[in-house]
Amino acid sequence: MIANSFEYSAPGSLKEALALLAEGAKPLAGGMSLIPMMKLRLANPEHLVDIGRLPELNYIREEGGAIHIGAGVTHFEVESSPLLLGKCPLLAETAAYIGDIQVRNRGTLGGSVAHADPSADYPAALHALDAKIVLTSSEGTRTLSTEEFFLDTFTTALDPGEIVSEVIVPVDAGLTGTSYQKFLQPASGFAIVGAAARVRQEGGKFTMVRVGVTGLSGNGYRARNVEDALVGQDVTDANIKAAAALVADGQDASSDLHATAEYRAHLAGAYTARALRAALSRSA
Amino acid sequence: MTTTVTKLEKLVGKRIKRKEDPRLITGTATYVEDVKLPELLHAAILRSPHGAANIKSIDISKAAALPGVVAVYTGADILGVGSVVCAADLPGLRKPVHHILAQDRTYFVGHAVAVVVAKDRYVAADGVDLIEVDWQPTQAVTDPEKALAAGAPAVHPEWPDNTAFIHNQEGGDMAQAFADAEVVVKQRIVSQRLIPNPMETRGVVADWKQADKAMTIWTSTQIPHLARSILAGQLGLDENRVRLIAPEVGGGFGSKLNVYPEEALMGFVSMKLQKPVKWIESRRENFQTTIHGRGHVDYLEIAAKRDGTILGLKLKLIQDLGAYHQLLTPAIPTLSVLMMPGLYKFRNISAQVIGVFTNAVPTDAYRGAGRPEATHGIERMVDMLAAEIGMDPAEIRYKNFAGKDDFPFLTAAGLTYDSGDYAATLDKALEMIDYKGLREQQVQARAEGKLMGIGISTYGELCGFGPSPATPAGGWESATVKVEPSGKVTVMTGCSPHGQGQETSFAQIAADELGVPLDDVIVLHGDTSIVQYGIGTFGSRNTAVGGAALFYALQDIREKAKRFGAKMLGVEDGEVVLADGHCTDSNGNSVTFQQIAGAAYRGIVIPTGSEPGLVATRFWEPSNFAYPYGAHIIVSEVDKETGQIEIKRYLAVDDIGNIINPLLVDGQLHGGVAQGLGQALWEHGVYDDDGQLVSGTFMDYAMPRARMMPWIESAHTITPSPVNPLGAKGVGEAGTIGSTPAMVNSVVDALAPLGVRHIDMPMTAGKIWKLMQDSSIQEKKA
């Protein structure tokens, strides 16, 4: 990497790191998005604080009926965590779709969430999971919903000096079925669209539906219109199709070298339906 | 002197693991980047960010003042260095002068403008950022058909029609063919720009020694000797005082069958500064400045009888050349014309090639180099003709194949195919895949609403380049076999393998001929101070040409060894046999090959008229190309909802003549098929109208990944080539050539019920979905 010169700090504690960040340094975790931009000299930070090695950000634990995941946990750790696989399989399934094994070994949950790439995988799952994002700075800590956190393309509620320190997801064992379905961009492996579904059914009717979508537009989102169209309805494929067809409504679908807006919108519907069907098949 | 003769196992034909691999796997191979010299300087290059622009001024003062920067050179400094060489020629060819640094204008994104030399790569890159250029961008043109339109921006102002050449070739009587035709099918077919992307990018180290007037250049190339000749010319040096080393080369695929501006530029810098200097190409530079492949728009017309007899093929080929000619740029599309007839016996062709300048990096040889485009053309047209007259695609091929008794077969394009039995190869492929059963399965699948397709390609190619008159720089190859006093064998080949595995396969050939263990043989290549002049590695020529030169050198060694053996055994010349590493007389007395080698150097027992030493060099030129061929069949299914293509089966039956090492052959086929499927399904070098390369990183250029590859079922028929003593043909490009039409034919077959006749590559899911949408809309309207 022939980047511009920069200062690099690897503090031993979160407190020290936050102090440096408060002075204007930028955080580096796995570097899977930042380093490629620095390599092309499109990002030229003057001072990087390496928070990817802090033990304080590296944990996955169950606490008070939820699973707390430190921001420094790698995608591979998310993908292979027995706790997540057992109690929040949607997040593990989603992580397994990220990049390739090298990227998953280096990249971190917190880094990806903070970067808010509109084609990243996590936002779809986190929206569908009603996840909470914990933000920390030298000033203190606050907890936001995904919809409060993800604001726009590469834009989040993070303030200068603040980092994502933890992600909280619900324990989803039992009658809830989940699935993440992704249409890969063949070059980058990012999502052209990705749809995460989380459903419960009772007596042949949908009792709970969550749908998160990534890739379609400039920001991942929770597709409340699809959810509303299904809750209380009979579990039929016709209902799934009709509801999934609403997923792109009101979204400004992106268009690029790899997919036109029209095709993306179509895929969003198709993959939402696929995710709903797969989630249903997993809900006992 | 009697010893027990043990029968040695023959190595040719065996799946031998590569001798090259241990150093590659353990990370101890030496690539250009690994060359470290005392006082080594590092260069970085400022490149044009514009598709077309005038340089009003360049200010290097800030860069030159940066601590650590040693020198900055621009176009004004390099006028004493020869321009980039194009070795191809055609009547009336317009050759723009391609200076190693741009003068007052740049012609494509990535065009080299200035070089910064510094104590390390970081400072050099910082220096590049400090150069201030006053750019005056002008309108670019990147689409070759738009470049030909009236009023298009002129890439080179002196040639406003953007036409570099027009090349015509006629064979037979096309007018008569069309007059006799009962059916004519026409199609525009695009072979899109591709970006070769070898794993190792280019790189150069130049080290000038003033006292000896000697230059050493390490460069990642496929043609070390030719590159040396060209660079000596550009730099005004004596050829024998230039040592060129192609160390480990991490792939080329034709993109390193070239001599680029940076090679002479580093030579120039080293001579100026009296210090060694290194430049390593970044991946982004590789995308932008190393040649691209393909770039055809073909207008094809096939004339036939209703019974499927092909009468003739007409082609108008628009070749996107890019802004300049690299080493072979204008020659590549002429190879397409030569391969137009494919494997078929029709007698009439008519071709016009229009070479078009565009504001893009030059196109040149990329794995297959003109033959994949031609094969794609004929194999698509044959399928379209079959569809038009309601004939099975296998049947129409059988009807038109050159017969096995027709060889040597003179084609409508004027080539003489050496050998083959095309029907037998297709027979084998159809049987292996159960073609009849598949067609029945397809009827069933269609009834269930599934989009299942079966695509056949019966490809042919020419390789083993080649007779010298057909090549720009000599079509022979050289080999030296040097037997050391201990009997260990050193082979020096003029080929320059860079992944093909000749350190293994040539060792197999030598070990068999001399009766020595495989490990007793080493194969050297790529260093002009070690190896006699050679041509290099391209056009699937290593085994068919370089292997043949080696074979003849080994025969010389055998003859001399036998004379020494006879002398040592006290019998007459000709009364001994050399086999399994022993020279044996009629009484069963023998000496070992190692004993002979020792005696040859000891110099006490010398056969009459012979001399000490055991070394032989041969230069060998084939009388003809070799012509591999094969049948590839792909079974695919298209997802009706998304347009995603799934390859259900991939079968390749290839006839590449005799096989030296099946493991290497598998590797070549798999890699070739991967690159062919890459073109068919995903890869596309895309410039926008302003000349920006929008597919300029791996985030946007879709190289196939392992997970995207199907299982490849592979088999062979073997018709040995009569052109060389090994009977080998060549396999380096076969997979790339055979695969694209099989893939497109398969998907067109899948979508045939929707009325789809043709699809241009890459067949991305989005493109297929759109096609299905449009077809179903048309169906509803109808």
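The rules behind these values
Counting restarts for each chain: residues are numbered from 1 in the order of the written sequence. Lettering for chains starts from A, numbering for ligands starts from 1, and both go in the order in which the items are written. At least 70 in pLDDT is required for a residue's local features to be given in this predicted model, at least 80 for side-chain atom pairs to be given and counted, and no such filter applies to totals for whole chains, interfaces and linings, which use all residues. Calculated side-chain values reflect all of the structure's heavy atoms, with hydrogen atoms and water omitted. Numbering goes from the N terminus for both helices and strands, where a helix is a DSSP run of H or I of at least four residues and a strand is a run of E of at least two. When a residue's accessible area, from a 1.4 Å probe over protein chains only, is under 20% of the maximum for its type it is buried; when over 50% it is exposed; and in between it is partly exposed. All accessible-area figures derive from a Shrake-Rupley calculation using a 1.4 Å probe, and residue coverage is judged against the displayed protein chains alone. For the purpose of counting charges, residues Lys and Arg are taken to be positive, whereas Asp and Glu are taken to be negative. His and the chain ends are not included. A single reference atom marks each charge: NZ on Lys, CZ on Arg, CG on Asp, CD on Glu. Within these notes, the globule rule equals 2.2 Å times the number of residues to the 0.38 power, and the radius of gyration is based on C-alpha atoms. The contact criterion used is simple: two residues touch if any of their non-hydrogen atoms lie within 4.5 Å. Put simply, buried Ala, Val, Leu, Ile, Met, Phe, Trp, Tyr and Cys residues joined by side-chain atoms within 4.5 Å make one nonpolar core. A quick way to say it: buried area is the sum, across both parts, of accessible area lost when two parts are put together, with a 1.4 Å probe. In what follows, salt bridge is the name for a side-chain nitrogen of Lys or Arg lying within 4 Å of a carboxyl oxygen of Asp or Glu. Two distance rules govern patches: like charges are joined within 9 Å, and nonpolar side chains (Val, Leu, Ile, Met, Phe, Trp, Tyr) within 5 Å, applied only to residues with over 30% relative accessible area and no salt bridge. Disulfides are defined in this document as cysteine sulfur pairs within 2.5 Å. Strands pair, by our definition, only if DSSP identifies at least two bridges between them. All axes are obtained by fitting lines to C-alpha atoms, using only the stretch in contact for helices, and the reported angles, taken between N-to-C directions, cover 0 to 180 degrees. An automatic or database domain assignment provides the domain bounds reported here. Ten residue types, Ala, Val, Leu, Ile, Met, Phe, Trp, Tyr, Cys and Pro, are classed as nonpolar, four, Asp, Glu, Lys and Arg, as charged, and the remainder, Gly among them, as polar. Definition of a polar contact: a pair of N or O atoms within 3.5 Å, with one able to donate and the other able to accept a hydrogen when the atoms are protein atoms, and with sequence-neighbouring residues admitted only if both atoms are side-chain atoms.

With that settled, consider the overall build of chain B. The helix and strand tally for chain B stands at 19 helices and 28 strands. Taken over the C-alpha atoms alone, chain B extends approximately 95 × 75 × 45 Å along its principal axes. Residues classed as buried in chain B amount to 64% of the 782 residues present. Element-wise, carbon and sulfur atoms account for 53% of the exposed surface of chain B, whose accessible area totals about 27600 Å². The distance from the centre of the 72 positive side-chain charges to the centre of the 89 negative ones in chain B is 1 Å.

Moving on to the overall build of chain A. Across its full length, chain A holds 12 helices and 14 strands. Its C-alpha radius of gyration of 19 Å places chain A within 12% of the 19 Å reference for a compact globule of 284 residues. Projecting the C-alpha coordinates of chain A onto the three principal axes gives extents of approximately 60 × 45 × 30 Å. The long-range share in chain A, meaning contacts at least 24 apart out of those at least 6 apart in sequence, stands at 64%. Surface accessibility of chain A: about 11500 Å² in total, with carbon and sulfur atoms responsible for 52%.

Here we take up the nonpolar core. Residues and elements named next belong to chain B. Within the largest apolar cluster, 136 residues are counted, with the highest numbers of intra-cluster contacts made by Val115, Leu265, Met266 and Leu385. Ranked by the residues each element gives to this core, the list is headed by helix α10 (residues 371-389), at 8 residues. Apart from the residues within four sequence positions on either side, leucine 385 is in contact with Val183, Val185, Ile302, Ala304, Ile310 and Ile396. With 47 residues, the next largest nonpolar core counts Val481, Phe551, Leu554 and Phe564 among its residues.

This brings us to the interface of chain B and chain A. Taken together, the contacts link 26 residues of chain B with 22 residues of chain A. Roughly 2000 Å² is buried in total at the junction of chain B and chain A, and carbon and sulfur atoms are behind 59% of that figure. By the criterion of area lost to chain A, the three top residues of chain B are Glu641(B), Met699(B) and Trp769(B), representing 28% of everything that side buries. Notably, a salt bridge pairs Arg41(A) with Asp126(B), separated by 2.8 Å at the nearest N-O pair.

All right, on to a nonpolar patch on the surface then. Nonpolar side chains collect at one region of the surface, where Met1(A), Phe6(A) and Tyr8(A) lie side by side and expose about 260 Å² of accessible area between them. Position of Met1(A) relative to the elements: it lies in the segment before β1 (7-9).

This part is about the state of the cysteines. Residues and elements named next belong to chain B. A full pass over the atoms with the stated rule returns 0 disulfides over all chains. Here cysteine 463 is not disulfide-linked; the sulfur of cysteine 495 is the nearest cysteine sulfur, at 13 Å. For cysteine 463, a relative accessible area of 0% corresponds to the buried category.

For the bond running from Phe465(B) to Gly466(B), omega is -20 degrees, close enough to zero to count as cis. Topologically, Gly466(B) is positioned in the loop between β18 (451-460) and β19 (477-483). Geometrically, the link from Met761(B) to Pro762(B) is a cis peptide bond, its omega value of -5 degrees lying close to zero. Along the chain, Pro762(B) turns up in the loop between α18 (734-751) and α19 (765-781). We note that Phe154(A) has phi near 55 degrees; this positive angle belongs to a residue other than glycine. Topologically, Phe154(A) is positioned in the loop between β8 (150-152) and β9 (155-156).

Let's shift gears to the pattern of salt bridges. Side chains that differ in charge, positive against negative, can pair when their charged atoms come close. Residue and element names in this part refer to chain A. Overall, the coordinates contain 66 salt bridges over all chains when judged by the stated rule. When the shortest N-O distance is used, the salt bridge between arginine 53 and aspartate 50 registers 2.9 Å. Taking the relative accessible area as the measure of exposure, arginine 53 reaches 62% and is therefore exposed. Aspartate 50 sits in the buried class, given a relative accessible area of 5%.

Turning next to the sheet that holds strand β25 (residues 615-620) of chain B. Residues and elements named next belong to chain B. Spatially, the 4 strands line up as an open sheet ordered β21-β20-β19-β25, and their pairing is mixed. The open sheet has two edge strands, β21 (521-524) and β25, and neither has a second partner. Neighbouring strand axes in the sheet, compared pairwise and without regard to direction, differ in orientation by 15 degrees on average. Here β19 pairs with strand β20 (residues 489-493) via 5 bridges, running antiparallel. Bridge pairing links valine 483 to valine 489 in β20. This element, helix α15 (residues 542-569), spans β19, β20 and β25 of the sheet and lies at about 145 degrees to β25.

Bringing the domain arrangement of chain A into the picture now. Residue and element names in this part refer to chain A. Domain assignment breaks chain A into domain 1 (7-50), domain 2 (55-170) and domain 3 (177-282). For domain 1 versus domain 2, the separation of C-alpha centres amounts to 18 Å. Regarding the contact of domain 1 and domain 2, the summed buried area is about 1000 Å², with carbon and sulfur atoms giving 73% of it. Ranking the residues of domain 1 by area buried against domain 2 places Leu14, Leu18 and Met32 at the top, with a combined share of 49%. At the surface where domain 1 touches domain 2, the tally comes to 0 salt bridges. The dominant element in the side of domain 1 that touches domain 2, judged by the number of residues it contributes, is helix α1 (residues 14-22), at 4 residues. Counted by class, the side of domain 1 that touches domain 2 contains 8 nonpolar, 4 polar and no charged residues.

Turning our eyes to something else, we now look at the sheet that holds strand β3 (residues 47-50) of chain A. Strands pair in a sheet through their backbones, by hydrogen bonds, and they do so in one of two ways: parallel or antiparallel. Residues and elements named next belong to chain A. If you trace the 3 strands from one edge of the open sheet to the other, you get β1-β3-β2, paired in parallel fashion. Only two strands of the sheet have a single neighbouring strand rather than two, namely β1 and β2 (26-28). Shown here is a sheet whose adjacent strand axes are inclined to one another by a mean of 30 degrees, direction ignored. Two elements, β1 and β3, share 3 bridges in a ladder whose sense is parallel. Each residue of the ladder has a partner; that of glutamate 7, found in β3, is histidine 47. Across the sheet, α1 touches β1, β2 and β3, and the angle it forms with β3 is around 160 degrees.

Okay, the side chain of Gln679(B) next. All names here are of chain B. With respect to the helices, strands and loops of the structure, glutamine 679 is situated in helix α17 (residues 662-682). Within the structure, glutamine 679 has its side chain in polar contact with the side chain of arginine 294 (distance 3.3 Å). Not counting residues within four places of it along the chain, the set of residues in contact with glutamine 679 comprises Ser191, Gln192, Leu194, Arg294, Thr740, Met761 and Pro762.

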